[in-house]
Amino acid sequence: KVAIHRALERRRLVLENLRFKQELKEKYRIENIVGSSDCMLEVYKMVARVAPTKSTVLIQGETGTGKELIARAIHYNSSRADRPFMAIDCGALAESLLESELFGHVKGAFTGAVTTKKGLFEEARAGTFFLDEVGENSPGMQAKLLRVLQEHEVKRVGGTESIQVDVRVIAATNKNLEKLVADGKFREDLFYRLNVVTILLPPLRERREDIPLLANHFLRKFAAENARDISHISSEVMELFDEYNWPGNVRELQHVIERAVALTTNPILLPEDLPPKFR
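Described in the following lines is the structure provided in the data block. Residue positions are given per chain, counted from 1 along the sequence in the order it is written. Two thresholds apply to this predicted model, a pLDDT of at least 70 for residue-level local features and 80 or more for giving and counting side-chain atom pairs, whereas whole-chain, interface and lining totals are computed over all residues. Just so you know, side-chain values use all the structure's heavy atoms and leave hydrogens and water out.

1. Some details on the overall build of the protein
Phase 1 of the analysis: Segments assigned H or I by DSSP are reported as helices when at least four residues long, segments assigned E as strands when at least two residues long, and all are numbered from the N terminus. Helix and strand content of the protein: 11 helices and 11 strands.
Phase 2 of the analysis: Projected onto its principal axes, the C-alpha positions of the protein cover 65 × 65 × 40 Å.
Phase 3 of the analysis: The classification of residues rests on relative accessible area computed with a 1.4 Å probe and restricted to protein chains. Under 20% of the type maximum is buried, over 50% is exposed, and intermediate values are partly exposed. Relative to its 279 residues, the protein shows a buried fraction of 43%.
Phase 4 of the analysis: Two residues qualify as a contact provided that any one of their heavy atoms is within 4.5 Å of a heavy atom in the partner residue. Of the contacts made within the protein by residues no fewer than 6 positions apart, 73% connect residues no fewer than 24 positions apart.
Phase 5 of the analysis: Surface accessibility in these figures is a Shrake-Rupley result with a 1.4 Å probe; residues are shielded only by whichever protein chains are displayed. Summed over all atoms, the accessible surface of the protein reaches about 15,000 Å², with 51% contributed by carbon and sulfur.
Phase 6 of the analysis: Counted as positive: Lys and Arg. Counted as negative: Asp and Glu, with His and the chain ends omitted from the count. Here the site of a charge means NZ on Lys, CZ on Arg, CG on Asp, or CD on Glu. Placing the 41 positive and 40 negative side-chain charges of the protein at their respective mean positions leaves the two points 8 Å apart.

This is how it looks when you write it as structure tokens:
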């Protein structure tokens, strides 16, 4: 009975995992990315062309433009879609912790390393690794990343063994890497390793025709999540959206709609439902 129970539980987990992967594939289909402006159509074309390849991709764009969304779309439309997608924000961790997260460590490598731990590059084997804000890395970390891209191998912190990794790297940054190279703050050889295929994501202020599409998409999403019966967004709100400069880009628009849906008492979104800066 115990053996049968375990077998059934394992089967349930396998089927659940397969269903989850299929849902992710559907979610990140290229046609599910919202936007119909000319500049976004160029982005879709580039994603469709580069996804089936093994090429390293560099995604450049301001904060909030959807760089990770594009990275996931590339992964889930590639031959690696059934393998892991691992992501890390290079600017969010101290260098010592970032090195351990990326490359792993051996037991006893430092205080608190009570067991040997695989790094994310190993965990992403045969899949895709997304390096967000790659421009935030120190010169030492840049050298280690270059080795991964050149030799396709990593060394765990405190270890001596080279471990082969088969992983596709997608990097993203909101910085001008060419300027950082010119200023001596980013390795030129690493830049050219990352800059095999570049995708430039336009800021929201340069694709204003997409604002109504995005706003209504987020309205449907958050109204459904919060069981709110909100039918549409008023024309006055859309005019305010069109006049606003959107320094936080799509992410800022998403948060504005989420806040409005949570706080409104109306069946449509009105100007008084928006943050004070819009009024």
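2. Observations regarding helix α6 (residues 139-151)
Phase 1 of the analysis: How far a helix is expected to stretch is found by multiplying one less than its residue total by 1.5 Å. End to end, α6 covers 18 Å across 13 residues, agreeing with the expected 18 Å (1.5 Å per residue, within 8%).
Phase 2 of the analysis: Against α4 (95-103), α5 (120-123), β5 (128-132), β6 (153-155), β8 (168-173) and α8 (188-194) lie the buried residues of α6.
Phase 3 of the analysis: Trailing α6 by a residue or two, H152 shows a phi angle of about 55°, which is positive.

3. Notes on the side chain of D210
Phase 1 of the analysis: Mapping D210 onto the fold places it in the loop between β9 (197-200) and α9 (211-225).
Phase 2 of the analysis: Throughout this description, a polar contact denotes any pair of N or O atoms lying within 3.5 Å of each other; where both atoms belong to protein, one of them has to be capable of donating a hydrogen while the other can accept it, and for residues adjacent in sequence the pair is counted only when both atoms sit in side chains. Side chain to side chain, D210 and R207 meet in a polar contact 2.9 Å long.
Phase 3 of the analysis: The residues touching D210, leaving out its near neighbours within four places in the chain, are G35, S36, S37 and M40.

4. A closer look at a nonpolar patch on the surface
Phase 1 of the analysis: Nonpolar side chains (Val, Leu, Ile, Met, Phe, Trp, Tyr) within 5 Å and like charges within 9 Å form the patches, drawn only from residues with over 30% relative accessible area and no salt bridge. One side-chain nitrogen of Lys or Arg within 4 Å of one carboxyl oxygen of Asp or Glu is enough to make a salt bridge. On the surface, a nonpolar cluster with roughly 250 Å² of combined accessible area is contributed by V14, L15 and L18.
Phase 2 of the analysis: Among the secondary structure elements, L18 is positioned in helix α1 (residues 2-27).

5. Some remarks on the packing of aromatic side chains
Phase 1 of the analysis: Note on aromatic contacts: the rings of Phe and Tyr and the six-membered ring of Trp form a pair at centre separations within 6.5 Å, being stacked when their planes are under 30 degrees apart, edge-to-face when over 60 apart, and tilted otherwise. This structure, assessed with the given rule, holds 10 aromatic pairs.
Phase 2 of the analysis: Summarising the aromatic geometry, the rings of F241 and W246 are spaced 5.4 Å apart at their centres and angled 70° between planes, so their arrangement reads as edge-to-face.
Phase 3 of the analysis: Judged by its relative accessible area of 0%, F241 is buried.
Phase 4 of the analysis: W246 sits in the buried class, given a relative accessible area of 0%.

6. A closer look at helix α3 (residues 67-76)
Phase 1 of the analysis: Taken across its 10 residues, α3 has 7 buried, putting it largely inside the fold.
Phase 2 of the analysis: Among the residues of α3, those classed as buried are K67, I70, A71, A73, I74, H75 and Y76.

7. A few points about the environment of H152
Phase 1 of the analysis: As for its placement among the helices and strands, H152 is situated in the loop between α6 and β6.
Phase 2 of the analysis: Taking the relative accessible area as the measure of exposure, H152 reaches 41% and is therefore partly exposed.

8. Structural notes on the pattern of salt bridges
Any two side chains of opposite charge can pair, on the condition that their charged atoms come close.
Phase 1 of the analysis: Applying the stated rule across the entire model yields 15 salt bridges.
Phase 2 of the analysis: We note a salt bridge from E101 to K117, for which the minimum N-O separation is 3.7 Å. Of the two residues, E101 is situated in helix α4 and K117 in strand β4 (residues 117-118); the sequence distance between them amounts to 16 residues.

9. A word on the packing of helix α2 (residues 38-50) against α3
Phase 1 of the analysis: Inter-axis angles, ranging from 0 to 180 degrees, are taken between N-to-C directions of lines fitted to C-alpha atoms, where helices are fitted over the stretch in contact. Running from amino to carboxyl end, α2 crosses α3 at an angle of 35°, the nearest separation of the two axes being 8 Å. Once α2 is placed against α3, the crossing between them reads as right-handed. Residues V43, V47 and V50 of α2 form the contact with α3, whose participating residues are I70, A73 and I74. If you view the pair so one helix is near and one far, a crossing is left-handed when the near helix is turned anticlockwise from the far one by less than a right angle, and right-handed when it is turned clockwise.

10. Quick look at the nonpolar core
Phase 1 of the analysis: Core analysis: the biggest nonpolar cluster contains 30 residues, and L102, F121, F129, L131 and L145 have the highest contact counts within it.
Phase 2 of the analysis: Residue assignment for this core shows that the elements contributing at least two residues are α4, α5, β5, α6, β8, α7 (177-182) and α8.
Phase 3 of the analysis: With 5 residues, α6 is the single largest residue contributor to this core.
Phase 4 of the analysis: Setting aside chain neighbours within four positions, we find F129 in contact with M86, I88, L102, L120, F121, A124, V167, R168, V169 and I170.
Phase 5 of the analysis: We call a set of buried residues a nonpolar core when its members are Ala, Val, Leu, Ile, Met, Phe, Trp, Tyr or Cys and they connect through side-chain atoms within 4.5 Å of each other. Listed in part, the 23 residues of the second largest apolar core include L219, I233, V261 and L274.

11. A short note on the environment of K118
Phase 1 of the analysis: Assignment of secondary structure puts K118 in strand β4.
Phase 2 of the analysis: Judged by its relative accessible area of 47%, K118 falls in the partly exposed class.
Phase 3 of the analysis: The spatial distance from the C-alpha of K118 to the C-alpha of V256 is 39 Å, given a sequence separation of 138 residues.
Phase 4 of the analysis: Discounting residues that sit within four places of it in the chain, K118 has contacts with G104, E123 and R156.

12. Description of the side chain of T56
Phase 1 of the analysis: If you trace the backbone, T56 turns up in the loop between α2 and β1 (57-60).
Phase 2 of the analysis: Residues within four places of T56 in sequence aside, it is in contact with L149, V169, R193, L194, V196 and V197.

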